[in-house]
Amino acid sequence: MGASGQETRRILLKLSGEALMGDLDYGIDPKVIARIADEVKAVRDLGIEIAIVIGGGNIFRGEGLARAGMDRVTGDHMGMLATVINALALQDALERNGAYARVMSALKVNEVCEDYIRRRAVRHLEKGRICILAAGTGNPFFTTDTAASLRAIEVGADVLLKATKVDGVFSADPILDSSARRYSRVSFDTVLESKLRVMDATAIVMCRDHDLPVRVFNIFNGGDLMRIVRGEDVGTLVTNEPATVE
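This text gives an overview of the structure that appears in the document. (Residues numbered from 1 in each chain as written. Predicted model: local features only at pLDDT ≥ 70, side-chain atom pairs only at ≥ 80, totals over all residues. Heavy atoms only, no water.)

## Some words on the pairing of strand E7 (residues 183-187)
Burial of E7 is extensive: 4 of the 5 residues sit out of reach of the surface. Alignment of E7 against strand E9 (residues 236-239), held across 3 bridges, turns out to be parallel. Considered in E9, the bridge of arginine 185 is made with leucine 237. (Buried < 20%, exposed > 50% of the residue type's maximum accessible area, 1.4 Å probe, protein only. Helix = DSSP H or I, 4+ residues; strand = E, 2+ residues; numbered from the N terminus. Pairing = 2+ DSSP bridges.)

## Considering the pattern of salt bridges
Applying the stated criterion to the full structure yields 17 salt bridges. Between lysine 41 and aspartate 45 there is a salt bridge, with its nearest N and O atoms 2.9 Å apart. Relative accessible area serves as the criterion here: at 18%, lysine 41 is assigned to the buried category. The exposure class assigned to aspartate 45 is exposed, which follows from its relative accessible area of 53%. (Salt bridge = Lys/Arg side-chain N within 4 Å of Asp/Glu carboxyl O.)

## Digging into the environment of aspartate 38
For aspartate 38, the location among the structural elements is in helix H1 (residues 30-44). Given a relative accessible area of 42%, aspartate 38 falls into the partly exposed group. Between the C-alpha atom of aspartate 38 and that of asparagine 97, which follows or precedes it by 59 residues, the distance is 7.0 Å.

## Quick notes on the pairing of strand E5 (residues 130-134)
Among the 5 residues in E5, 5 count as buried, and that is most of the element. What you see with E5 is no split at all: Ile130, Ile132 and Ala134 on one side and Cys131 and Leu133 on the other are buried throughout. For strand E3 (residues 101-105) and E5, the ladder comprises 5 bridges, and the chain directions are parallel. Bridge assignment links arginine 102 to a residue of E5, and that residue is cysteine 131.

Following this line, the structure appears as structure tokens:
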């Protein structure tokens, strides 16, 4: 059983670039990316089809560069290329682990990976290959969270798994507010109205309007990815249903 109480056959995993840093200040921690690859392969070995959208914040973040004075479009393009670097690193880690992986980019960089074409991505998934979808949507001003929502809908994922550094969605920042409560379930409308930091508003609205459940979990809790696909109630489930808190 899957994240929303129904059988899960295809998931989209959203990884932030920061998740790859581990305890480093910049770049990719080989131990972290190897562990993530181990967990992804273990889930794939269960017969679950996996697409992955990865961010680039461990290398460049376009919005931050823009705040520093760089042209926003240029900064976003640099951020997209950073996601390609991360995707290639994850592909390498997966292949060293015996998995079949394909990087598909929304920007044309044919020398290092395939172009993203929806039908081809679906075919890769059907053949058991892990699809790593890079370069966001290929457009500036759109986050990789929005890209994850878009790609999940395009490839027909049953659930979007949003990997974070915390154990789900909280009523307030748990680091700053010790009274913050974790939601077991929360609705998309509550996320929008209460400005809960799950994903950006565009991504949330897309998931809401297409009734695509989102499971928010802590990628640093080893084994949580496997527990989710086995139907355990890990993290926070975001759907169109009313909210419940712990």
